[in-house]
Each structure stands twice: as C-alpha cells, then as structure tokens.
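Per-entry structural report
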2 protein chains.
Amino acid sequence: MTVQERIGRLRQKMQETGVMVYVIPSSDCHESEYVCAHYRAREYMSGFTGSAGTLVVTYEEAGLFTDGRYFIQAGQQLAGTQIRLFRTGEPGVPKIEAYVREMLTEGGMLGFDGSVMSASAGEKLLQAAEEKNADTLVTRDLVGEIWQNRPPIPDTEVFLLEECYAGERTEDKLARVRTAMETVGADVHVLASLCDIAWLLNLRGNDIPGVPVVLSFLQITRDQCIWYVRSQAVTGEIRRKMSELGVTIRDYGQIYPDLETLCAGQKVLLDKKNVNIRLLTSLPAGVQVTDRPNPSELMKSVKNETELQNLRIAHIKEGLAFTRFMHWIKTHAGKEVITERTAAAYLDAERKKQEHYLGQSFTPICAYREHGAMVHYSATEESDARIRPESMLLVDAGGHYLEGTTDTTRTMILGEISREEKQMFTAVCRGNLRLAFAKFLQGCTGYSLDVLCREPLWQMGLDYKHGTGHGVGYLLNVHEGPNGFRWRLPALTEHPAVLVPGMVTTDEPGIYLEGRYGIRTENELVCKKDVENEYGQFLKFEILTLTPIDLDGILPEEMTMEERGWLNSYHQRVRETLSPYMEETERLWLQEYTREI
Amino acid sequence: MTVQERIGRLRQKMQETGVMVYVIPSSDCHESEYVCAHYRAREYMSGFTGSAGTLVVTYEEAGLFTDGRYFIQAGQQLAGTQIRLFRTGEPGVPKIEAYVREMLTEGGMLGFDGSVMSASAGEKLLQAAEEKNADTLVTRDLVGEIWQNRPPIPDTEVFLLEECYAGERTEDKLARVRTAMETVGADVHVLASLCDIAWLLNLRGNDIPGVPVVLSFLQITRDQCIWYVRSQAVTGEIRRKMSELGVTIRDYGQIYPDLETLCAGQKVLLDKKNVNIRLLTSLPAGVQVTDRPNPSELMKSVKNETELQNLRIAHIKEGLAFTRFMHWIKTHAGKEVITERTAAAYLDAERKKQEHYLGQSFTPICAYREHGAMVHYSATEESDARIRPESMLLVDAGGHYLEGTTDTTRTMILGEISREEKQMFTAVCRGNLRLAFAKFLQGCTGYSLDVLCREPLWQMGLDYKHGTGHGVGYLLNVHEGPNGFRWRLPALTEHPAVLVPGMVTTDEPGIYLEGRYGIRTENELVCKKDVENEYGQFLKFEILTLTPIDLDGILPEEMTMEERGWLNSYHQRVRETLSPYMEETERLWLQEYTREI
C-alpha cells in the first residue's frame, strides 16, 4: 500500500467512527523518543522516518508537523504523498493544537490513541476539542486497525547492570526518589519513562533499537515498588533480584486497573510530558496530580564516579574504532568501492572488536558530500552514495558499551577542498572548542553558554537549525534530558537545567549548505569543578570523545592563538591516550593528524 | 539623631501601634528606582544611601536587605548601627518575606506604608502575615511620624518635550497603548511608573534628582485619559496642550478615590511590580486585575528614528566632555590638587559647555584606586580622595540632554601600573568588545549574550557581581527595562525581553579587587539589523558612546587579532567623530590615544 492508500483507509475508519480529525504522534506508551517498529504508526502512515513528528489527518488534508532537524528530510520523504509539511518553530506555522482546532468544525469529533499520546499534548488537544464543542474518541488505535503485517511488540530479555557499571544500588536510588516524593508530599509516583525505570532498577533490555530498555511501568509508593512488565521478559534471576529488592512484578497492562484503585485525596507525582494520557485518565476523581519532572530525570543525568570512570574507558574504545575508521577512509577512499553504508558497517565492525560492545546507540549518519547537509540523514539503498577521494564525509555515530554510551561526529576531508569549505570547517571547529574550553560560574544553564559555540558562525551570517548539544544517557538513550545547550530561551513553563558536575552533554555545531555539503564536529563534554573563590564555584568541561578533528580542513590562521592551543592540547591527549593501543602505521598516521598547528 | 536613636523612636511607634515587624522599602508611591529626598525613608532609618535596599525592623533586630552592587558600601555604612546586613542572592540568605514570616510570632502584627510598597512585594508580605495569623497595619507611615525636618515633596515645573526630540506624538503613543489594552481585554489601565507617564505624555519634570519626571499617575480607558498631578506643577501651556490631547487633569491624590468607583466586572491592566499596593487595594471587589508589564515599558525601550538620531548627537556632546576630561586628568594628575569630587565637578563643567544639557543622569562615580572596587561608590566629604599620578581612576557618569541620556564608564590610567593591572584592564576591554561586536539571531535575549562579555574574565577565575548591562531611557531614568544583559536566568515568572532593533543597552564589565582597585569599561549599544538570510534576521550593535578606552592599560598581545581590529575600528570612529570639534592640543592627544594597536 502506498502512503496515500493508507491515508485513504484511515479516512474510511474515521468516517465509520465519526472522527473528523485524527492525530498520530511519534511515540509509544512511554513517550519514548525512539520507538520499536510496532509503534511506528506515524511513520507507517506518512512515510516520514524521522524520530520527531506528528501527523494530523482530516478528510481533506493530512499535515505533518516536524522541527528544524528534519525539514529537508521530511520535505523529500513527503514528496508525492500530498501530506503538507508544517515546519514547527518557523514564523506563521501554527501549533498542532491550533491547527486541530481550526480543522475541527463545531460539534465534530477528534480522535487519537490515548495510550501513545502524552498527557500534556493530549490535554491541549482535548482543550481544543472542547473549545469546538467536539466529541473525542481516544480509546481506539485506528492506525492499528488498518495496519497489515504490523510488527509485534518485542519480547527481549532483561539483564542486570552490575554495580561496577551502575555505580549506585537500586535501594539507594529508590531512597533518593522517595525523598524527592516526600519533598512534594506525594504518596504515589507513576513512572513510564523507560530510561528512568532502567536506571532506577539497574536493568537493561533490548526492546527499542538503539535504546537498551524494557517496555514497563513503575509505581512507587512510600513502602512499595511495583514493576509492570511482560512476564516473558523476566528471567528467574531477575525475579530473584527484584524480590530481594522488595520490587513486586505485575503484568504490563495491570498498571491501568491498578491506578483506578487509588483513593481520592492521594497525591500522585507524575510528569505529564512523560506519561501517556490513558495513565492520567485512569486516576479516579479526587486524586491530586503533581505535574513535575520525574526526580530520576535529574538524578540519572548526573553521572556518578563509577559511571564517569567507565565512560572514560568507553570513549577510549570508541575513539580507537572511530580513529581507525578515519584513518581507513582517508587512505582508502577512491582506492576501493566504498559507499555510505559500507563505510558505516566498517566503523561498526571496528567497534565490534572492542570488549563489552553491545550495539549502536543510534542509526549512524554516514553522509557524503550534499547528503551531509541533511542534519539527520540516514542512507537508504537508493540514496547510498559512492565515496570518492574528494569533498567531505560527515559521520555521526555512537555505540553502547557496558561502560556507557558514546556519540561522536567527525567530518572527514577526502581530497582537496576549497578555501571556503576550509573556512566553514574551521569556524565549526572554533565554535566547538570555545564551548568545550569555557569556564563558567555554577548556576549557568546550557542557555547561558550556547552563544559561545554559535558566535563564530553568527559572525559569518551562518547558523545551524538544531541545538548545540544534548545530554547523553549511560547505556540508555543517547539523547537524555534535562541538560543541553540551546540559545532560544524555553517556554516559561519549562525549568532549564542548571549545569552540574557529572552531567554529560554533547557539543556539536555544524554548517549545512543544502545541495552542497554538511560539516559537524561533535564531542561529548562532562561538566567538572574548576576553582572555587570569592566569586563562587567555577565549572569547566572535560572532553570525553577521543578522535582527531581532521586537520586537513583547518586554516590555522583563522584561529586565535588560544583556540589553536586548545586544539593542540586536545589532539595531544587523543594521541597520548590512543597510541598505546595502536599498531605502528596507525600510530604514525595519528601522530600526523594530531600534530601541533 | 543617630541611626540607632531613630530605630529606637520607630520601635516606640511600633509598640504604640502594636506593630511587631515594620518593613521600609526604598521607593516612593511610583516604585521609582531613584526617589526624591522626601521618600528616602529607608536611608533616613538606616544610613545606607544606595538605591536598592529594604529595612526590616523588629523589637530585637533590624536587618537591611540589599544586592551585590551594594555589599561593600552597605557593610561600611551600616558599621556601628547594629543593623544586620542581608546579602540577597547569596546562598543561605532568606528572602524578605521569609525573614518577615520568621520574625512574626503567631497572631502578631506586620506593618508597612502601603503607598510606597509595591503591590507584588506587598502581597508577599501580606501572605507571610496570613500564614502567621498576624494582623496588618498598612495605612500608616510610621517613619514619617518620627521624621524631623523631613524634606518636602518637590513642586517642580513640567515642560513639554517637542516632537523633534520625542519623535512620536502622544496621540499615537496612547493609541498604541489602547491597542495593547484591547489585546488583553482591559477596560482600564492604571499607570504609576513616572518614566512611562513622561514618555506617553511627552512631558518631563524635575521631581527626582537625576530623573526628569513629574510625580503623577495616569488612568487610561478606551475613551479617557486622566492625569493625576499636583496643580502647582502644571502651567497654563501644559494645561492647554493636555486639553488639546483630550487628557483630563485631576489632583494627584484623587487617583485613590477614583479607583474606588470602578465597577465590578471591569478589567484593569496594571503591573503589580510597578504600582503601590494602596492603588491595588483601592479597586473594589469584583474588578478583575490583569497583572502584566505596562505596554509602554517595551514601547519606550525601542527608540524611534528621531530618538536614535538625537542620541547620536547627545553622545557626541558627552564624548567631547568625557574625552576632554580624560585628557585633562591624565595630563594634570599630580600637577595640581585634584580630588574625586573636584574631578567629577570638572567633568560636569565640560558637559555644561554643551548645548541642551539639562543635568547629570545620576550621581557620578569618581572613584580613585581602592574606591573603584566599590561598584556604586559615591565620594563623600570624608572619603574624597586626592588623585595622584599613579594607579587608576574609575569614572562612571552621564548626562541628560534634550537629545537623550548618556551613561559612560572609563577607567583612566594615571601612572605606571603593574602587568597584573594591565591584564585585568585588557580582560575587561576584551569582554566589552566581544559583546559590542557580537552578531546574533533575532530572538536572542540579553541572557543569551551575557557570557560573551564575561567569558574572558571567567577564564581567569574572575567575575563582577552586577549585570553586564541595563537599558537606558531617553531623557528618563538611566536604568530602564525591560532589556538588559544578565547571565543567571530569571525567575520563571519573569518575561526576559527579546532584543529588538532600537533598544539601547549598556555594556559594562568590570573587575573589583577590594582594597586595591576597580576597573570598568562601559559603552552604550543600540541594537540594529544586520543581514537577513535563510537562517533568519541577524542583529548587531552600534556603539553610541564616543570616548577612548585608555590604551595605557592595554596589553595588545593578550588580545586576539579580531579584538584588536574591533578596538582599532572603534577608536578610529571616536577620533573621526570628535576631532572636528577639538582644538589642536586635544586633537593631537586624541590621535595618540586612538592609535592603532
């Protein structure tokens, strides 16, 4: 079936049920950023494969809302589908709820599947329906009803993450969450975020490609902790461990009836952005909801000493794989047939030689020449470009190790590039270094620092339409809140996270010239203490990533002495850390590509 | 009477009335930052002369709350008074309302003069009282009752600001305010902010030293505009003009009874931070209050083309005065007896030679050597230091001209200074330039850009405990919102102002080493459009201030080539703009001090 046929079938269903506007979000029952194949309803209905986007279908029109990271990709993937692209954040583009309100006629009907719609987004949609005196149907998955050969919900096995990797016992993590519950006077905490559950229980699974978690819910009270999970996922060993910890195991779907039995007057802590609206509406009337970020969100973002020590090891492994890949591609491009996809496979094969490697932390972006201008490009069979000894190759990739998760981007120069290209490459490198070597007072958020990275590009009238950086999970989602680097202040209702020692955030400026090339340089930074004096506690970053920044793209004369010093000190550390593990040829190559400039 | 005696008298009054905790804010009935002598109750009671601070008096204790700008000064001025200094913003320092709650015993009584307490601060205090089941007395000015020889309320004359200076007619300004009222559905707008009233009516007065405004209130409805003002202040010409504009004049105090006659169901727009709580409580029950920033706040911050053209002229005048002062002090220090106060007088005498000069825009800071470390130092007869041909002199001063208001700080090198001092001076200059020459996308607030200025200091483990910059009024308060440069994100309830072309903001980093010296370099920047392209509208700044940055303090080798280029281009503009007005000696000196480095 083509996308248009699918939309036709959905409209039939809509007509049968009386639904006038049907909204299909990107997520699963846990508001996950990445979802397993079973939950890719929006992708199934639109053909757009990006991680973020919402499809709104009416009888006359279908509209896809996505953000700046995906404008180019969505434009291409929607071509020929008659789905209209809404570029959120651009001037004049309505919010989804405003569009839904406009599309609903007075007294019509709005539909969506409440079990995959976040409570916060769902409430806004219900509000829009109310303003139009419209009915709602939120208990039927209309896409599921027409989806042929829908992939099943996965049943992967769960494994324990030992304390030598996790660094903190579940008992202690639960105690910290319960203290946070007390602070806000909550009797019950409902947790649907898969990464938070995995972090709290020191468990990992394999239910979502690239995110080692297990589909489950958690209900925490002052003296109980109930884990709702498919029984097939849980081995005897895990059952014993959970029993030791006092964690009760119940069936995955039992969370909904269980919440219905809570008593009026009980206070429930949950994060409306991170629970589905069916969980919220399962709560009986009279239950008080405290809508706050999950306490575990901030806790897991601050890596403990064990995690940090492990992460340094993970980054040596990743650095060896990435640097060997870089050496290979720079010396072999043009000499043998290499495509974007075979190159990505080569990199992953290098990773597989490392101990404790568990798999890629996201679908790698291996984007040659003009493909690099698509911020979240992923090579398909059709697009897979042959890599030649010219222009640039942008590779953004990462791995999961027992020692943690990595995310690196390097743009590799594969031949002579123009002076303009080198100026762009150098500007990206300067932005990256200025942020990485910043010193700042405790109290800064990522909003305070973002401009350090963008200013060299802004001076040239350039920008990148994505954040400068995101938090990174520990053997969890490679995108993790609440920390990040952004320039545009958030909505007033959001709580920007103050940077805290132990937080890991990426630093990834880029330049994207559509149809020509893309450049991005990404390192992971861990926040650390610097001096404390009468002005306060100063903080700085340690760069975790260990891979050379391609000196073939650098114009030293366009950098300040300070910036050159920073690049040289970073390259020296890359060389000294990786060399002992390398063979002679690699080592000589690394020496050249980490030389002083 | 000493401060202790005054506090003793106040405590007597408190005992007579049963008040247990009495709060004395800094402001007048209009929540002005600077107030006329009549309203300096907090200064009278504490001896602390800074512009910001709140005194809380109980039977046992008296505490003064002030911010980082005044920590050193307040510490000195409170010495011997037994008043405890609360450094707001420092860890562990309570908020005023928390302190008041702690000091109030159950069922006690809280007092303050409601006509000088802002509605927002007043509501917090009343809430604290409620939590302690305490009574309140907010209709008596207990300080006024004990104040001997209290200065009278001024009766200065009001003058019209012609359209060639104001650039927009009152009719058009009122129409814009009424449109804003419509947007929020307001029937009535109550305005107490003196600068907003002066801006709207294109009037100026002289009721507050340094701020050319007239004490008055405004009530705007869809078809009426009532100006509450002392009759003595208004000449026949002004009456005629107001009558032409359809502005009704009533007596100053009539605003309170007038507000009592509003009808239930009417919607009143007011800014609780900028009206006194007596205005708020005069509204009858059933009146709906919309608490928002005054629409005129943002409007007046965006200078129109006429104002901008005038400001450029004002800055030539100020630049001539300041540069001549700088030339004189650098060539005469040590050769004649010059003190901080005579130096300040010399600068003002230079200003008086300029046409349309109306007076100083604030008490000048002329701070020699260690006095420079006090951010808001003001020389007294006792402290007035003799200026010698050594160390540094920090001068922060400004004037009001019909063409607008100026605010400049220069630190002048008066002899050989150490390498460390030069490093500090150079770092301050680098921070100043990095912000002034920034390019940035529309949508940035001052919070996004502040770090550009601070980073050179933060790299050295240094900071300044004040904002990087504030908005500047046009022949109004030299401190004007809503724009500014700050690094710490504001409370979630505040709306940070996006930078808009036409906004004027200062750029004033500094280094303050207590007991040693202070360095600050301050320019005024006006926001302007830069290129617009696929990334959006880029913005940049034009530096309005025209005075050399003392090259005797600069270490060129500590600046990047880009920074040196910025300084050279700025100095070239200073030289080219001021030289035509200068005599030979001055011109030669200026040439040397604006030379390329």
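Everything below is about the structure shown above.
The shown structure was predicted, so the numbers you read here are calculated from the model rather than taken from an experiment. (Residues numbered from 1 in each chain as written. Chains lettered and ligands numbered in written order. Predicted model: local features only at pLDDT ≥ 70, side-chain atom pairs only at ≥ 80, totals over all residues. Heavy atoms only, no water.)

In this section: the relation of the copies chain B and chain A. Of the transformation placing chain B onto chain A, the axial shift is 0.0 Å and the rotation is 180 degrees, giving an RMSD of 0.0 Å. Those values place the two copies in the arrangement expected of a two-fold rotation axis. Of the residues that chain B buries at the interface, 100% are likewise interface residues in chain A, meaning the two copies contact each other through the same surface. (Least-squares fit on C-alpha atoms with pLDDT ≥ 70 in both. Contact = heavy atoms within 4.5 Å.)

For the rest of this paragraph, the subject is the pattern of salt bridges. Where charged atoms from two side chains of opposite charge approach closely, those side chains can pair. Residues and elements named next belong to chain A. Taken as a whole and assessed by the stated rule, the structure comprises 77 salt bridges over all chains. A salt bridge links K330 to D550, with the nearest nitrogen and oxygen atoms 2.6 Å apart. Taken together, the positions of K330 in helix α14 (residues 305-332) and D550 in the loop between β28 (536-543) and α18 (561-578) put the pair 220 residues apart, joining distant regions of the chain. Of the two residues examined, K330 and D550, each falls in the buried class. (Salt bridge = Lys/Arg side-chain N within 4 Å of Asp/Glu carboxyl O. Helix = DSSP H or I, 4+ residues; strand = E, 2+ residues; numbered from the N terminus. Buried < 20%, exposed > 50% of the residue type's maximum accessible area, 1.4 Å probe, protein only.)

Let us look at the sheet that holds strand β12 (residues 247-250) of chain B. Residues and elements named next belong to chain B. The strand order across the open sheet built from six strands is β12-β11-β10-β8-β13-β14, with neighbouring strands paired in mixed fashion. Bordering the open sheet on either side are β12 and β14 (288-291), each of which pairs with just one other strand. Looking at each pair of strands side by side, their axes are set apart by 20 degrees on average, direction ignored. Across two bridges, strand β8 (residues 188-191) lies against strand β13 (residues 267-270) in parallel orientation. Opposite V188, over in β13, you have V268 as the bridge partner. Contacts between helix α9 (residues 194-201) and the sheet are confined to β8, β10 (216-221), β11 (225-229) and β12, with β10 contributing the most and set at about 60 degrees to the helix. Its contacts with the sheet put helix α10 (residues 236-245) on β11 and β12, and the angle it makes with β12 is roughly 135 degrees. (Pairing = 2+ DSSP bridges. Axes fitted to C-alpha atoms, helices over the stretch in contact; angles between N-to-C directions.)

Residue and element names in this part refer to chain B. Direction vectors running N to C along helix α14 (residues 305-332) and helix α19 (residues 584-593) enclose 85 degrees, while the axes themselves pass 11 Å from each other. Relative to α19, the element α14 is oriented roughly perpendicular. Mapping the contact onto sequence places T323, R324, M326, H327 and K330 in α14 and T585, E586, W589, L590 and Y593 in α19. Across the contact of α14 with α19, the residue classes break down as four nonpolar, three polar and three charged. (Parallel < 35°, antiparallel > 145°, perpendicular 65-115°, else oblique. Nonpolar A, V, L, I, M, F, W, Y, C, P; charged D, E, K, R; others polar.)

This part is about the interface of chain B and chain A. Accessible area lost during the coming together of the parts is what is often quoted as the interface size. In this assembly, 39 residues from chain B lie in contact with 39 residues from chain A. Roughly 3200 Å² of surface becomes buried between chain B and chain A when both sides are summed, with 61% attributable to carbon and sulfur atoms. For the pair chain B and chain A, the interface holds zero salt bridges. Put simply, chain B and chain A have eight residue pairs in polar contact (both at pLDDT 80 or more) between them. Sorting the residues of the side of chain B that touches chain A by element identifies α16 (419-436), β21 (440-441), α17 (446-458), β25 (510-513) and α18 (561-578) of chain B as the ones contributing at least two each. Among the elements that line the side of chain B that touches chain A, the one with the most residues is α17(B), at seven residues. Taken together, the residues of the side of chain B that touches chain A sort by class into 20 nonpolar, nine polar and 10 charged. (Buried area = accessible area lost by both parts, 1.4 Å probe. Polar contact = N/O pair within 3.5 Å; in protein donor to acceptor, adjacent residues only side chain to side chain.)

A word on the side chain of B:S27. All names here are of chain B. Following the sequence through the fold, S27 ends up in the loop between β1 (21-24) and α2 (41-46). On the basis of relative accessibility, which here comes to 8%, the residue S27 falls in the buried class. Polar side-chain contacts of S27 include one of 2.9 Å to the side chain of E31. A polar side-chain atom of S27 sits 2.9 Å from the main-chain carbonyl oxygen of V116. Excluding its chain neighbours within four sequence positions, the residues that come into contact with S27 are S32, V35, Y39 and V116.

Next up on the list: the environment of A:V57. Residue and element names in this part refer to chain A. Relative to the helices and strands, V57 is located in strand β2 (residues 54-58). Residues V57 and Y70 lie 13 residues apart in sequence; the distance between their C-alpha atoms is 20 Å. Beyond its immediate sequence surroundings of up to four residues, V57 is in contact with I7, L10, R11, M14, M20, V21, Y22, I24 and A62.

These results come straight from atomic positions and should not be treated as a statement about function.
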